[in-house]
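Chain residues, written in single-letter form:
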Amino acid sequence: MPLWTGRFKKQLDKKTNDFNSSISFDCRMASQDIKGSIAHATMLGKQNIIDKSESEKIVSSLKGIAADLESGKLEIDMSAEDIHTFVEGELTKRLGSTGKRLHTARSRNDQVALDLRLYLLDEIEKIDLALKEFIDVILKKAKENYDAVMPGYTHLQRAQPITFGHHLMAYTAMLLRDRERLADCKKRTAVSPLGSGALAGTTYPLDREYAAELLGLSGVCANSLDGVSDRDYVIELLSCLSLVMVHLSRFAEEVVMWCSWEFKFIELDDAFSTGSSIMPQKKNPDIAELVRGKSGRVFGSLVTLLTVMKGLPLAYNKDMQEDKQAVFDAVDTVLICIDTFAAMLDSAKVLKANMRAAAAKGFINATDCADYLVKKGLPFRDAYKAVGELVAFCIENGYTLETLPLEEYRRVCGLFADDVYAAIDLDNCVKGRNVKGGPAPQRVLFEIENAEKLNK
Ligand code: ARG
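Here is what the cut-offs are and how they apply
- Here the residue index of a chain counts from 1 through its sequence in written order.
- Per-residue local features of the predicted model are confined to residues with pLDDT of at least 70, and side-chain atom pairs are confined, for both listing and counting, to 80 or more; whole-chain, interface and lining totals are unaffected and use all residues.
- The side-chain values count all of the structure's non-hydrogen atoms but skip hydrogen atoms and water molecules.
- When at least one non-hydrogen atom of a residue lies within 4 Å of a molecule or strand, that residue is treated as near it.
- Think of a polar contact as two N or O atoms within 3.5 Å of one another; within protein, one of them needs to be a possible hydrogen donor and the other a possible acceptor, and neighboring residues in sequence only count if both atoms come from side chains.
- Method for areas: the Shrake-Rupley scheme with a 1.4 Å probe, in which residue coverage is limited to the protein chains shown.
- Classes in brief: Ala, Val, Leu, Ile, Met, Phe, Trp, Tyr, Cys and Pro nonpolar; Asp, Glu, Lys and Arg charged; the others, Gly included, polar.
- Fitted lines through C-alpha atoms serve as axes, helices being fitted only where they are in contact, and the angles separating the N-to-C directions of these axes extend from 0 to 180 degrees.
- Helical segments are the DSSP runs of H or I of at least four residues, strand segments are the runs of E of at least two, and each set is numbered from the N terminus.
- Orientation is classified from the angle alone, with under 35 degrees giving roughly parallel, over 145 giving roughly antiparallel, 65 to 115 giving roughly perpendicular, and any other angle giving oblique.
- The hand of a helix crossing depends on one turn: near helix anticlockwise from the far one by less than a right angle means left-handed, and clockwise means right-handed.
- The criterion used for residue contact is that any of the two residues' heavy atoms lie within 4.5 Å.
- The term salt bridge refers to a side-chain nitrogen of Lys or Arg lying within 4 Å of a carboxyl oxygen of Asp or Glu.
- When accessible area is computed with a 1.4 Å probe and restricted to protein chains, residues below 20% of their type maximum are described as buried, those above 50% as exposed, and intermediate ones as partly exposed.

### Observations concerning the site of the ligand
Thought 1: Close to the ligand lie Ser-22, Asp-82, Arg-108, Asn-109, Val-112, Tyr-316, Gln-321 and Lys-324.
Thought 2: Contact between the ligand and Gln-321: a nitrogen atom at 2.7 Å from a side-chain N or O atom of the residue.
Thought 3: In this structure, Lys-324 approaches the ligand through a side-chain N or O atom, which is 2.5 Å from an oxygen atom.
Thought 4: Across the complex, the protein chains shield 86% of the 340 Å² of accessible surface that the ligand would expose by itself.
Thought 5: Taken together, the residues of the shell around the ligand sort by class into two nonpolar, three polar and three charged.

### A word on the packing of helix H3 (residues 30-46) against helix H6 (residues 108-144)
Thought 1: Relative orientation of the contacting elements H3 and H6 amounts to 120°, with a least axis distance of 9 Å. If you check the angle between H3 and H6, you find them oblique. Along this stretch, H3 crosses H6, giving a crossing that reads as right-handed. Together, Gln-32, Asp-33, Gly-36 and Ser-37 of H3 and Gln-111, Leu-114, Asp-115, Leu-118, Tyr-119 and Asp-122 of H6 make up the contact between the two elements.
Thought 2: Taken together, the residues that form the contact of H3 with H6 break down as three nonpolar, four polar and three charged.

### As for the pattern of salt bridges
Side chains that differ in sign of charge can pair as their charged atoms come close.
Thought 1: Throughout the structure, instances matching the rule amount to 32 salt bridges.
Thought 2: Glu-81 is the salt-bridge partner of Arg-108, the closest N and O atoms lying 3.3 Å from each other. One end of the pair, Arg-108, is in helix H6; the other, Glu-81, is in the loop between helix H4 (52-71) and helix H5 (83-95), and 27 residues separate them in sequence.
Thought 3: A residue is classified by how much of its surface remains accessible, and Arg-108, at 22% relative accessible area, is partly exposed.
Thought 4: The salt bridge partner of Arg-117 is Asp-230, with a shortest N-O separation of 3.0 Å. Residue Arg-117 is found in helix H6, and its partner Asp-230 is found in the loop between helix H9 (224-229) and helix H10 (232-259); the two are separated by 113 residues along the sequence. Of the two residues examined, Arg-117 and Asp-230, each falls in the buried class.
Thought 5: One continuous salt-bridge network, built from bridges that share partners, spans Asp-68, Glu-90, Lys-93 and Arg-94.

So, in structure tokens, the structure goes:
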């Protein structure tokens, strides 16, 4: 039976009932629904809105329902309209008319808003932990490769020398920001809508703060209309998760490239690669590609929520029931992507020699060569032009800056001397980039230590 009997003479049309029902997906909020009801019933008892002894019976019966669901003794009835209906129905089955008192001074509208907040707070916790552990893996790899020279790229063209550790630390910076954003989003999620009622509050003398406190929430929604119709916290979380996926997808794309024969900077473990049904030689980075692809689902969920909420009049509208599947899919997707990516990275082999070989081609020390002339007094623009001529000469005649004879250097600019070779040595070039946030190995180690402190 639905909760809304009395006014109706007919049952809901069968197909329409399925269309309207949300239990198939909101059943995953069962424990949060019960937790919210326990707090509500406790508060009703404390305020003498219902009898103290009835409040206690309700609380203990709700705990029994939670335990029975957990142990599998009780199964959720999928013909109930939603999880709220199921829990209240089960309570009434167990307690008779006492169970019918639970919904005093409450509506499913403030109830569902609370349940979703509680559910998402639990998920934020899990995602934050997954990010922390992922960052730990990156930091470990960065430490092992803090001085492994590789080419840094712009436009996917070899640009200037960096280290693999430095490159990895860029992702640490992104993911630490993601953790900060989640912590911030949590603040606005941890607010209780209970007491908003259907939309206009209630005539009962509730202690809203007390119920919020029981739930570990930091405060209560300031306005009853907003309390039942606010889904900003869902959109904020989806925005945070979308950025996580932007970062993962960029990292995934680099892994895909690094695994190719064109790069061969890393080798994925067999346990995290797949083969081809026809090409015996293939070893494919499917996991990284899937992470890259799954980012689309998470962005899709963000757009779903923005579109559902856009233009909705106050207060609750059933459109909002569409929030759950989108955000549930997003949290599931992000969690599995972070965990799988972390394990894949952890087991990957870094091919330092190939990175160094790539760094030795592509004239990535050309800027350093120009800087050498600047340090000898030449204006940067003149130095830039001189080295440009040298690079063109090298390309035409099959030299690198390292192998070019000194007389060729001096033909272009008399300031060049024997010490130019040390100035363009790749290790020296990296060491010289000793600015805060730069790739000099000592700086990278400092950055790693700092990140270790932040990643608690
Ligand atoms: N299942 C609904 C939802 O997910 C909550 C129930 C509120 N329904 C209502 N008709 N007022 O949003």
